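Chains, contacts and geometry: an overview
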Amino acid sequence: MAQAKPQNKILTANRLRNGETVYYTAAGEWSPYVSEARIATTAEDADALAKIGAAAYAANTVIDVAVIDVNPGAGAKPSHIREVIRATGPTVRVDLNKSVAPPQR
Amino acid sequence: MYIYDQFDHAITKERVAEFSQQVSRRLTGELSEEQFRPLRLMNGLYLQLHAYMLRVAIPYGTLSSKQLHKLADIAKKYDRDYAHFTTRQNIQYNWIKLDQVPDLLAELASVEMHANQTSGNCIRNVTADQFAGVAGDEIEDPRIISEVIRQWSTFHPEFSFLPRKFKIAVTGAPKDRAAIQYHDIGIHIVKNDAGETGYAIYVGGGMGRTPVVAPLIKPFVARADLLSYLEACLRVYNLHGRRDNIYKARIKILVRDLGPAEYARQVEEMWPMTRAAGVDVPAGEVARIAAFFAPPAYDKILEPVAAFTAAKAKYSAFARWVQTNVHPHKVPGYGAVTISLKPIGGIPGDASSAQMHAIADMADTYSLGEVRVTHVQNLVLPNVKQADLFAVWQRLGEIGFAEGNVGLITDIIACPGLDYCSLANARSIPIAQRLSQKFADLDRQHNIGPLQIKISGCINACGHHHAGHIGILGVDKAGVELYQLTLGGAGDETASIGQLLGPGFTSEDIVGAVDKLVNTYLDLREKPSETFLEAYRRVGPAPFKESLYGRR
C-alpha cells in the first residue's frame, strides 16, 4: 500500500503589538497574507516551522503560534474553515476582508 | 445615573496607569505572554481570530449619552468604526491594537468607564433589568443594589482569584427581564409578607456545557443584610469550588454536588462571620447611592396624547413598531423605547460609530440623556414622551434601526461565533442573518408571535442558546459546521433549559429546519394567543421531532 502523502503545513500566529493574523514566509518574515506562507511538505519541514514559531514566541514577536494544515496542491490554502476565516476576515463583513495576497505594486 | 466619587476616579485612574505599565513591559519583553495573559484578561483584553478584542463594562447596562458618544469615538479612532453589544450588556471592540490600549483606557476613564473585571475569574460586570426605574411593575429600582454590588465587588481582594468567573444579575420586578436564574447569583427584589422589600437569592445557575437553572437558596434577605449574605455565598464557593477541573469550577457544580439545601446550610453557617466583619452598607450610604437613581423631573402629561394617537392611526407601520418596541412606562405620557439592533439581514448587536452617535443624540433630545443596553443585544431609550415617539421612530428609520421586531422571531441573539471568536466552532451571525431574512415578513412575524431564537457558536453558550425558545448550537463535525436545535428554553421567571431535538443540520439546511419547527407550531397551536413556548410546553418535543426527522 502506498504511503499517505504528508499533510502540507504552514506557520501562523498573531503579531504581539497589534494582534494581526500573520504567516511565516519563505523569506523568513511574518506576512499578513496567507499566500506568502512558506509551505512545509514534509514532517521535517513542519517540525522546523514549529521551532521557528516557538523561537518567535519566545522573542515576543508573535503570540498564539500554530502550525496549521493547508490543502494539497499549489498555494497555501488553509484546510479548516476557522483558518480560512483567520486568513481573510469575518465572512459577515466582506468590506473589511483582507486579500490572501499582497496588493500588486 | 451614578456619578463617580473621588475613590472611583482614583482607582480607575490608578488601574489605567498600572495596566499601561504592564502593556509597556509586555511590549519590551519584560513580561512573557504567560505572565501577561491573566493581567490583560483582568482588563478585558482578549486575543481573538483577527486581533485583540476589548470588552468594556457597562454596569447594569446603563449609559449616559456622553458615554455612548465616547464609545462611538473609540470605535472610530481605535477600531474599524463599529462595535458589538453583548448578552452581558457590555460592548466589545473587535480590532484593537495592544500598543493603543493604554490611550483607549484613558479615554474611557474620562467618561467614568473601564474594562475592569470583564474577564478573568472574578466577579464580572453586574447585569440588571433594562427597564430599571421606569417599569410600572417594579418593586425597587435594581440599579441601586447593582451599584452597591459594583462597588463591593470592584477589586475585592478575596474574590479576585475565584475558582472561575462569577456573574450576578438583579431584577426588580416580578417579571424577570435579566435572566437571573441563569446566573451564578440571581437576585430577585421581592416583598415579604410584612410588606418589607428584600431579596430572593438564587445561586448556581449558568449556561455553558452544563446548563443549570439556579435553585432558590434563600427566599428573603433583608435590605440591610445583602452584602454579608452575598459575601457568605461567595466565600463558601471560594473555599470549596473545584479549582482542579475547569469544567467543574463554576459555582453551579458546587451547588449541584452539595445539593442546594446543604449549600444553603453552609452559607448560613458562614453568614455570622461575614456579618461580624461589617461588610454591610449603612442605610445612609445606600440612600446616598439611591439618590443618583431618583426619578428625573418628568412632565405631567395627560393620556391619551392626541398627537401620538393620531400618528398611530395614520401610520400603521409606526403603530406596529409601538406595539413591539415601546414598553409601558410608569409615568403617564411616557414610553420606554427598545431600539432593535436587529435590522433584517443585519448583524445582531452591531452598531457603527455614526449609529451610536445618532442614538446618543436622540437620548439627549428625547430621553433625558440616558441609554440602556439589554441582554438581548438591543438598546433602550428609557424616558421618551409619547408625543415624541413618532419623531424617534422616523429618526431610527434614517439610521437603519426602526425594525419593529422586539420579542419576535427576528429579534435573534447571536454570539460573534467563528467569524471573530477564537473559542467558536461554528459561525453564528450568518445563521442569524439568514433566519432574519427568511422570516422578514412582518405579518408573518406577528402571526407567529413571541418567539426567541438564540444562537451560540460553541458550547460556552454566549448566545444563550439553552434559554432560547428555539436554541441553535453550532458544532464542528470533522471540519464542517453543524447546527443542533434545542427547544423549550426560557430565560424569564419561568426559566427552563432547552432540550436537544436530534442530529444537527448543515448550514444550508438549518434555516429550513427552523421554518419547519415554526410551521409545526402554527399547525398545532390551540389559538393564536398560545405562544410557541406555551405550545411546546403543552405538547412536548414529539411533533417537532417528527417534523424534522420523520416518524421513528
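Residues numbered from 1 in each chain as written. Chains lettered and ligands numbered in written order. Predicted model: local features only at pLDDT ≥ 70, side-chain atom pairs only at ≥ 80, totals over all residues. Heavy atoms only, no water.

**Looking at the overall build of chain A**
Stated formally: Here a helix means four or more residues in a row that DSSP labels H or I, a strand means two or more in a row labelled E, and each is numbered from the N terminus. Every radius of gyration here is taken over C-alpha atoms, with the globule rule written as 2.2 Å times N^0.38, N being the number of residues. Relative accessibility under 20% of the residue-type maximum defines a buried residue, over 50% an exposed one, and the middle range a partly exposed one, all with a 1.4 Å probe and only protein chains included. Pairs of residues are marked as contacts when any of their non-hydrogen atoms sit within 4.5 Å. Note that accessible areas follow from Shrake-Rupley with a 1.4 Å probe, and for residues the cover is restricted to the protein chains shown. By the counting rule applied here, Lys and Arg register as positive and Asp and Glu as negative, while His and the ends of each chain are not counted. For charged residues, the charge sits on one atom: NZ in Lys, CZ in Arg, CG in Asp, CD in Glu.
Along chain A, the regular secondary structure elements total 2 helices and 4 strands. Its helices and strands taken in sequence order, chain A reads β-β-β-α-β-α from the N to the C terminus. For chain A, whose C-alpha radius of gyration is 14 Å, the value lies close to the compact-globule estimate of 13 Å for 105 residues. Among the 105 residues that make up chain A, the fraction classed as buried is 40%. Partitioning the contacts of chain A with sequence separation of at least 6, the portion at a separation of at least 24 is 54%. Only carbon and sulfur atoms are counted for the fraction: they give 54% of the accessible area of chain A, which is about 5,600 Å². The average position of the 12 basic charges and that of the 10 acidic charges among the side chains of chain A differ by 3 Å.

**Here we look at the pairing of strand β12 (residues 334-339) of chain B**
Successive residues of a regular strand alternate their side chains across the two faces of the sheet. All names here are of chain B. The cut-off we apply is this: The rule for pairing is simple: two strands pair if DSSP sees at least two bridges between them.
Counted residue by residue, β12 has 6 buried out of 6 residues, so it is predominantly covered. Alternating residues of β12 divide into Y334, A336 and T338 and G335, V337 and I339, and every residue in both groups is buried. Bridge count between strand β11 (residues 326-328) and β12: 3 bridges; the pairing is antiparallel. Within β12, the position partnered with V326 by the bridge is V337. Hairpin connection between β11 and β12: a loop of 5 residues separates the two successive antiparallel strands, and G333 in this loop has a positive phi of roughly 90°. When β12 meets strand β15 (residues 379-385), the two strands line up antiparallel, connected through 5 bridges. What sits directly across from I339, in β15, is L379.

**Observations regarding the domain arrangement of chain B**
Residue and element names in this part refer to chain B. So the rule is basically this: Where a domain begins and ends is set by an automatic assignment or by a domain database. For any pair of parts, buried area is found by adding up, for both, the accessible area (1.4 Å probe) each one loses once the two are put together. Whenever Lys or Arg places a side-chain nitrogen within 4 Å of a carboxyl oxygen from Asp or Glu, that contact is recorded as a salt bridge.
Taken domain by domain, chain B holds domain 1 (6-109), domain 2 (135-292), domain 3 (306-398) and domain 4 (413-549). The distance between the C-alpha centroids of domain 2 and domain 4 comes to 30 Å. Facing the 12 residues of domain 2 at the interface are 13 residues of domain 4. Counting each side, the surface lost to burial between domain 2 and domain 4 is near 1,100 Å², with a carbon and sulfur contribution of 63%. Of all residues in domain 2, Y182, M207 and P211 bury the most surface against domain 4, accounting for 41% of the area lost on that side. If you look at where domain 2 meets domain 4, you find 2 salt bridges. A salt bridge links K175 to D492, with the nearest nitrogen and oxygen atoms 3.6 Å apart.

**What about the packing of helix α3 (residues 65-78) of chain B against helix α12 (residues 353-366) of chain B?**
Residue and element names in this part refer to chain B. Note the threshold: Axes, fitted as lines to C-alpha atoms, cover a helix only where it is in contact. Angles between the N-to-C directions of the axes lie from 0 to 180 degrees. Here is the rule for angles: anything less than 35 degrees is roughly parallel, anything more than 145 is roughly antiparallel, 65 through 115 is roughly perpendicular, and the remaining ranges are oblique.
The geometry of α3 relative to α12 is characterised by a closest axis approach of 8 Å and an angle of 170° between their N-to-C directions. In terms of orientation, α3 lies roughly antiparallel with respect to α12. Side by side, α3 and α12 meet where S65, L68, H69, L71, A72, D73, A75 and K76 of the first sit next to S353, M356, H357, I359, A360, D361, A363 and D364 of the second.

**Let's talk about helix α1 (residues 43-58) of chain A**
Residues and elements named next belong to chain A. Our working rule: What a helix should span is 1.5 Å times the count of its residues minus one. The directions from the helix axis to the C-beta atoms are what the arc is built from.
For α1, built from 16 residues, the straight-helix expectation of 22 Å at 1.5 Å per residue is met to within 8% by its first-to-last C-alpha distance of 23 Å. A46, L49, G53 and A56 are the residues of α1 that are buried. Seen end-on, α1 carries its buried residues on one side only, within an arc spanning 80°. Facing away from the buried surface of α1 by more than 90 degrees, the exposed residues are E44, K51 and A58. If you follow the buried residues of α1, they end up packed against β1 (9-15), β2 (21-24), β3 (30-31) and β4 (62-69). Where α1 ends, the next residue or the one after it, N60, has phi of about 60°, a positive value.

**Some details on the side chain of Q355 of chain B**
Residue and element names in this part refer to chain B. Defined as follows: By the criterion applied in these results, polar contacts are pairs of N or O atoms within 3.5 Å in which, for protein atoms, one can donate a hydrogen and the other can accept it, and in which residues neighboring in sequence qualify only through two side-chain atoms.
Along the polypeptide, Q355 turns up in helix α12. A relative accessible area of 18% places Q355 in the buried class. A distance of 2.9 Å separates a polar atom in the side chain of Q355 from the backbone oxygen of I399. With near-sequence residues (within four places) excluded, Q355 lies in contact with D350, I399 and F401.

**Brief notes about the pairing of β1 of chain A**
Residues and elements named next belong to chain A. Along β1, 5 of the 7 residues are buried, which leaves the element largely enclosed by surrounding structure. In this structure, β1 lies alongside β4, joined through 6 bridges in antiparallel fashion. Bridging from a neighbouring strand, N14 pairs with I63 of β4. One ladder, built from 3 bridges, connects β1 with β2; its direction is antiparallel.

**Notes on the nonpolar core**
Note that soluble globular proteins tend to have their nonpolar side chains buried in a common cluster. Residue and element names in this part refer to chain B. Note the cut-off: Only buried residues count toward a nonpolar core, which is a set of Ala, Val, Leu, Ile, Met, Phe, Trp, Tyr and Cys residues joined through side-chain atoms within 4.5 Å.
One finds L71, F85, W321, V337, M356 and L381 to be the most contacted residues of the largest nonpolar core, which totals 63 residues. With residues up to four places along the chain from it excluded, the contact list for L381 reads G335, A336, V337, I339, I359, M362, A363, S367, E370, V371 and V392. The next biggest cluster of nonpolar side chains, apart from the first, holds 44 residues, and it includes L162, I201, L234 and A264.

**Topic: the packing of helix α16 (residues 507-524) of chain B against helix α18 (residues 542-549) of chain B**
Residue and element names in this part refer to chain B. Heads up, the condition is: Put simply, a crossing is left-handed when the front helix is turned counterclockwise from the back one by less than a right angle, and right-handed when it is turned clockwise. Any residue that is not Ala, Val, Leu, Ile, Met, Phe, Trp, Tyr, Cys, Pro, Asp, Glu, Lys or Arg is counted as polar, Gly included; the first ten are nonpolar and the last four charged.
Between α16 and α18, whose axes approach to 9 Å, the crossing angle comes to 135°. The angle between the axes of α16 and α18 places the two elements in the oblique class. When the axes of α16 and α18 are compared, the crossing they make is right-handed. Where α16 abuts α18, its residues A513, K516, L517, T520, Y521 and L524 lie against P543, F544, S547 and L548. A breakdown of the residues in the contact of α16 with α18 according to their chemical character gives 7 nonpolar, 2 polar and 1 charged.

**Digging into the sheet that holds strand β4 (residues 82-85) of chain B**
Residue and element names in this part refer to chain B. Read across the open sheet, the 5 strands follow the order β1-β2-β5-β4-β13; overall the sheet is antiparallel. Strand pairing shows two members of the sheet lacking a second neighbour, β1 (45-47) and β13 (350-352), which therefore form its edges. The mean inter-strand angle of the sheet, taken between neighbouring strand axes irrespective of direction, is 30°. Two strands pair when backbone bridges link them, and β1 and strand β2 (residues 52-56) are joined in this way by 3 bridges, in the antiparallel orientation.

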